[in-house]
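Here is what each chain is made of, one letter per residue.
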Amino acid sequence: MAEPANSRPELSRDLGVSHASAVVVGTIIGSGIFLVPAEMMQDVGSAKLVYLAWVVGGLLSFAGALTYAELGAMKPQAGGEYVYVRDGYGPLGGFLYGWTWFVIAKPASVATIVTGLVRILGTFSVFSFFSVNVVSAPLAVTWGQVVAITAAILISFLNYLGIKKAGEFQLIFTLLKVAIILGIVFVCFSGIGHAPGRGWSNFAGSFGGATGGVAGFMAALVAALWAYDGWNDLNMVAGEVKQPERNIPIALIAGVAAVGLLYVLVNAGVQYVLPAKAIAASPRPASDAVALILGRVGAGIVSAGIAVSMLVTLNGTIMSGARVPFAMARDGYFFRSLAEVHPRFHTPSIAIAVQAALSILLLLVGANFRQLFSLAIFAEWLFYMIAGSTVFLFRWREPNAVRPYRMWGYPVVPALFVLVATALLIYTFKNDWPNSGYGLLVILAGIPVFGCFSFLRKRRRNSGETF
């Protein structure tokens, strides 16, 4: 006889508002702010337009955060966007979202982050052995890959041991990350060291070899939005946030606003030290700016800051990603084992382990996972648009439903977010149509998979089994 559903262990609401805010800030700020200023300058060719792209990207992300704040407070369940799409457009829509995140987006994100972490650490001479093979057959595996896999396993294990431990790690290292970023800004604007060309005149500079025009600005905006990406991850762990009706809106709004301020400050610091041409030519503008002032020690500090930043992003990504297949499985539309909650740690332990295994598989494959990550870009913005649009459906269908937080600027703000997401989808498809097309095929491949799980779910329901 089936065990009563209410006897199952459940997720614990152990994340306070400070932890939730750290999930937002810590997950968003990865390596992007340190690296993309060069790409943005190459796109627009003007310090002022780079700044404009950062501001516009921040406002659009803030519009998304306001939209998700209402959705998260109204439906504070594990899975976040999966829940909104499922309730708004039906089980198939929710499944296709979860399928895409489970198969491509989250494992590839984990693999990308730890690979970037290894590359940053590889800039230190003590880690020069990272490129050496540990084994050459049957599959070549470098020490760098071993370190990347180890990092993925350790952070996954931390999340396995409990959301509170993972939340404390996120909070402490996010504070450290913010301190490092503010230190970089201070060094750039201070009178420390001798940096030729440093001054406000750099803000009027330009780079002649830029793409320019609308296409250039759109490319710079996409780069800025990539650096802002991750603000939606808190909603995926909504089932483990204390007083979610209050804390989710506070964390999203305050977190995205804080990130926007930090990004503007870092970009200003870099532009104050480096002229436009130097920024466009530098693979690591923030590191070069500090190195110009403090020398090799400064470059090392920035590299260490990037490493810490990526470690915190990794924790937030692993934490949020496992909740999506867990929520699907709890609904009966995915493998039943993924719905298990650890009886002692109260975490979706099997979902975390499977996510780690998929990430390790991509890491062992090598560079090929980057193509998979590119496939996910189109899918990510597609589901941002779809999930954001559900706020209109819920306001229409359930006008009297309890809404602990009613977003500011409705319906203009969510409409702006959805329209911009649509424009970015079109732009991404046009400029990277092979990968966008393959991403769409991966999404559509989930339809027959959904059919199989729907059949199994119906059969279990008819036999009286619980999910």
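Up top you'll find the structure we're talking about.
Below: a short report on this structure. (Residues numbered from 1 in each chain as written. Predicted model: local features only at pLDDT ≥ 70, side-chain atom pairs only at ≥ 80, totals over all residues. Heavy atoms only, no water.)

Here's the deal with the overall build of the protein
Then, number 1: Within the protein, the regular secondary structure consists of 18 helices and two strands.
Then, number 2: With the C-alpha coordinates of the protein rotated into their principal frame, the extents come out at 75 × 55 × 40 Å.
Then, number 3: Split into buried and exposed, the 467 residues of the protein put 57% on the buried side.
Then, number 4: Of all intrachain contacts in the protein linking residues separated by at least 6 positions in sequence, the fraction that spans at least 24 positions is 81%.
Then, number 5: Total accessible area on the protein is roughly 18900 Å²; 68% of this is exposed by carbon and sulfur atoms.
Then, number 6: The positive charge centre, built from 31 side chains, and the negative charge centre, built from 20, are 1 Å apart in the protein. (Helix = DSSP H or I, 4+ residues; strand = E, 2+ residues; numbered from the N terminus. Buried < 20%, exposed > 50% of the residue type's maximum accessible area, 1.4 Å probe, protein only. Contact = heavy atoms within 4.5 Å. Areas by Shrake-Rupley, 256 points an atom, 1.4 Å probe, with all protein chains shown as cover. Lys, Arg positive; Asp, Glu negative; His and termini not counted. Charge placed at Lys NZ, Arg CZ, Asp CG, Glu CD.)

Let's talk about the nonpolar core
Then, number 1: Ranked by size, the top nonpolar core spans 144 residues in total, and within it Met40, Trp54, Tyr68, Phe95, Leu234 and Tyr263 carry the most contacts.
Then, number 2: Counting residues per element, this core draws most heavily on helix H5 (residues 91-121), at 17 residues.
Then, number 3: Beyond its immediate sequence surroundings of up to four residues, Tyr68 is in contact with Glu81, Tyr84, Trp231, Asn232, Asn235, Leu252, Phe383, Tyr384, Ala387, Gly388 and Phe417. (Core = buried A, V, L, I, M, F, W, Y, C linked by side-chain atoms within 4.5 Å.)

Things to note about the pattern of salt bridges
Then, number 1: All chains considered together, the criterion is met by eight salt bridges.
Then, number 2: Put simply, Arg86 and Asp87 hold a salt bridge, and the shortest N to O gap is 2.8 Å.
Then, number 3: With a relative accessible area of 27%, Asp87 lands in the partly exposed category.
Then, number 4: Of the charged contacts, one joins Asp331 and Arg86 as a salt bridge, the two residues approaching to 2.7 Å between their closest N and O atoms. Here Arg86 lies in helix H4 (residues 81-89) and Asp331 lies in the loop between helix H14 (323-330) and helix H15 (349-365), a separation of 245 residues in the sequence. As far as burial versus exposure is concerned, Asp331 and Arg86 are alike and both buried. (Salt bridge = Lys/Arg side-chain N within 4 Å of Asp/Glu carboxyl O.)

Structural notes on helix H8 (residues 213-228)
Then, number 1: Taking 1.5 Å per residue as the helical rise, H8 with its 16 residues ought to reach 22 Å, and the 23 Å between its terminal C-alpha atoms agrees with that figure.
Then, number 2: For H8, the set of buried residues is Gly216, Ala219, Ala220, Leu221, Ala223, Ala224, Leu225, Ala227 and Tyr228.
Then, number 3: Immediately beyond the C-terminal end of H8, within one or two residues, lies Gly230, with a positive phi of roughly 120 degrees. (Expected span 1.5 Å × (residues − 1).)

Let's talk about the environment of Tyr68
Then, number 1: Relative to the elements of secondary structure, Tyr68 occurs in helix H3 (residues 47-74).
Then, number 2: Owing to a relative accessible area of 0%, Tyr68 belongs among the buried residues under this scheme.
Then, number 3: In terms of polar contacts, Tyr68 uses its side chain to reach the side chain of Glu81, at 2.6 Å. (Polar contact = N/O pair within 3.5 Å; in protein donor to acceptor, adjacent residues only side chain to side chain.)

Thoughts on the packing of helix H6 (residues 143-160) against helix H13 (residues 296-321)
Then, number 1: Relative orientation of the contacting elements H6 and H13 amounts to 55 degrees, with a least axis distance of 9 Å. Relative to H13, the element H6 lies oblique. Crossing of H6 against H13: the hand is right-handed. Packed against H6, whose contacting residues are Ala151, Ala152, Ile155, Ser156, Leu158 and Asn159, the element H13 presents Leu311, Leu314, Asn315, Ile318 and Met319 at the interface.
Then, number 2: In terms of residue class, the contact of H6 with H13 is made up of eight nonpolar, three polar and no charged. (Axes fitted to C-alpha atoms, helices over the stretch in contact; angles between N-to-C directions. Parallel < 35°, antiparallel > 145°, perpendicular 65-115°, else oblique. Left-handed = near helix turned anticlockwise from the far one by under 90°. Nonpolar A, V, L, I, M, F, W, Y, C, P; charged D, E, K, R; others polar.)

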